[in-house]
Amino acid sequence: MPLKEYGVLAARAVARRREGADDTPHYQIHLVDDAGTDYRAAVNVKSQESPSELLYFVDEDLRHPVTESLPAAGSGWSRLESREGEGALDYVRGGLVDSASMRPLPPDLPGAGNDLADLLDSHVQQAIEDETAALYVFGERWGPEGTQDKIFGFRPGNGVHDVHMNQGNSERFRSQDGVWQDGGLFIHLPAESRWVAVFLAFQSQAWQTDDTTGHALAAPPERPTDPQEPDRPGEPDRPEPPGDGTGESVRIVSAMVNPDGGAPEAETVELFNASADAVDLDGWHLSDRNGRRLSLPAQRIEPDARVTVAARDGFQLGNRGGTITLTDPAGRTAHAVSYSAGQAGREGEPISFDA
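Let me sum up the structure you'll find in this document. (Residues numbered from 1 in each chain as written. Predicted model: local features only at pLDDT ≥ 70, side-chain atom pairs only at ≥ 80, totals over all residues. Heavy atoms only, no water.)

As enumerated under the stated definition, the model contains 19 salt bridges in all. Note that Arg-292 is salt-bridged to Asp-288, the shortest N-O span being 2.7 Å. Among the salt bridges present, the one from Asp-313 reaches Arg-312, with a minimum N-O distance of 2.6 Å. Relative accessible area serves as the criterion here: at 59%, Asp-313 is assigned to the exposed category. (Salt bridge = Lys/Arg side-chain N within 4 Å of Asp/Glu carboxyl O. Buried < 20%, exposed > 50% of the residue type's maximum accessible area, 1.4 Å probe, protein only.)

And the structure:
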């Protein structure tokens, strides 16, 4: 079953603590909301399963429509509905993060700037020192408990955990799978007009998941190693991009959201075949943020080739930001991207997404 109480905590960070690298350590954050309620965010930095190093990605300037759906800064805990457009996160379907961009980091090592706790420290400490900064912690709520918090000592114990991807789990944690219930850490820096987002996932998780249950559709591939390639200090090995094992890698690379000219606008989406084989697009679909589907033309797209698809049949790219989802003939999410209202407002300019 999915997480029991998924949501987001909007509060100020006032303290943090590292737990080292033993057992299943966490990076602990003490937060307080505008009503004076204390919370603890327990952020995993090590997996119970092998490989133990978590995958991470930091977006230093997040521009995504989800930020417009979040509760007010400092408002405390808010339960979120696990569906698109309600402020919930989904790493696979939400266009938030590309699996190929994530890198593994050890939990805690001697020295500075070389482990996951250091990375979290650099952002959380900035938020603690900036009184205007607001933290948004996505995950599952626990408490209030009848005892004091075991880390920071406030009473009653109360907080958020599962601040990571919560789908595609191995058999051991399969019961926690779900869609639109992923965790993460957002930091809003009003003085800089900027959002910073930290995304975390376990290497044992799959990125091809069922659109209803969030269960893994295929086992994640093993990471090949090259014994001839020397280790580079301070630069962890890059994992192979997770996938469904089919060899297909069609991706959304650009979209014309706000073209020149009057209605009806000639909106388009450009696709790129990054795989080594030709792909037949018969049975593939694009979906907009409102779930309206567009059937792709029955044509082959050759390796390293691009194809432009015109919007029709009610499929629309809104000027207030949104997501575009690409699904394969089996109904699996193959790729998803997002764009903000600011990006959509540039009339006559296509929006480019990282290929």
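Where burial is concerned, most of strand β7 (residues 134–142) is hidden: nine out of the nine residues are buried. Alignment of strand β1 (residues 6–18) against β7, held across six bridges, turns out to be antiparallel. Along β7, the bridge assignment pairs Leu-9 with Val-137. Across three bridges, the pairing between β7 and strand β8 (residues 159–161) is antiparallel. When the sheet's bridge partners are listed, Glu-140 is paired in β8 with His-161. (Helix = DSSP H or I, 4+ residues; strand = E, 2+ residues; numbered from the N terminus. Pairing = 2+ DSSP bridges.)

This paragraph deals with unusual backbone geometry. Ser-50 connects to Pro-51 through a cis peptide bond whose omega is -5°. Here Pro-51 shows up in the loop between β3 (38–44) and β4 (54–59). Following Gly-143, the chain continues to Pro-144 via a peptide bond in cis, the omega torsion being 0°. Even without a glycine there, the phi angle at Ser-193 is positive, about 50°.

Most of β4 is tucked away: five of the six residues are buried. With three bridges joining them, β4 and strand β6 (residues 103–105) adopt antiparallel strand pairing. Of the residues in β6, the one forming a bridge with Tyr-56 is Arg-103.

On to the packing of aromatic side chains, then. For the structure shown, the criterion picks out six aromatic pairs. Ring centres of Phe-186 and Trp-195 lie 6.4 Å apart, and the angle between their planes is 75°; this geometry places the pair in the edge-to-face category. Residue classification places Phe-186 among the buried positions, given a relative accessible area of 0%. Exposure remark for Trp-195: the relative accessible area of 13% places this residue in the buried category. Within the aromatic cluster, the residues linked to one another by ring pairs are Tyr-91, Tyr-136, Phe-138, Phe-186, Trp-195, Phe-199 and Trp-207. (Phe/Tyr/Trp six-rings, centres within 6.5 Å; stacked < 30°, edge-to-face > 60°.)

Ranked by internal contacts, the top residues of the largest apolar core, which has 34 residues, are Ile-29, Leu-116 and Leu-185. Broken down by secondary-structure element, the contributors of at least two residues to this core are β1, β2 (26–32), β3, β4, α1 (116–129), β7, β9 (184–189) and β10 (194–201). Counting residues per element, this core draws most heavily on α1, at seven residues. Residue contacts for Leu-185: discarding those within four places in its chain leaves Ile-29, Leu-120, Val-124, Leu-135, Tyr-136, Val-137, Val-163, Val-196, Ala-197 and Val-198. (Core = buried A, V, L, I, M, F, W, Y, C linked by side-chain atoms within 4.5 Å. Contact = heavy atoms within 4.5 Å.)

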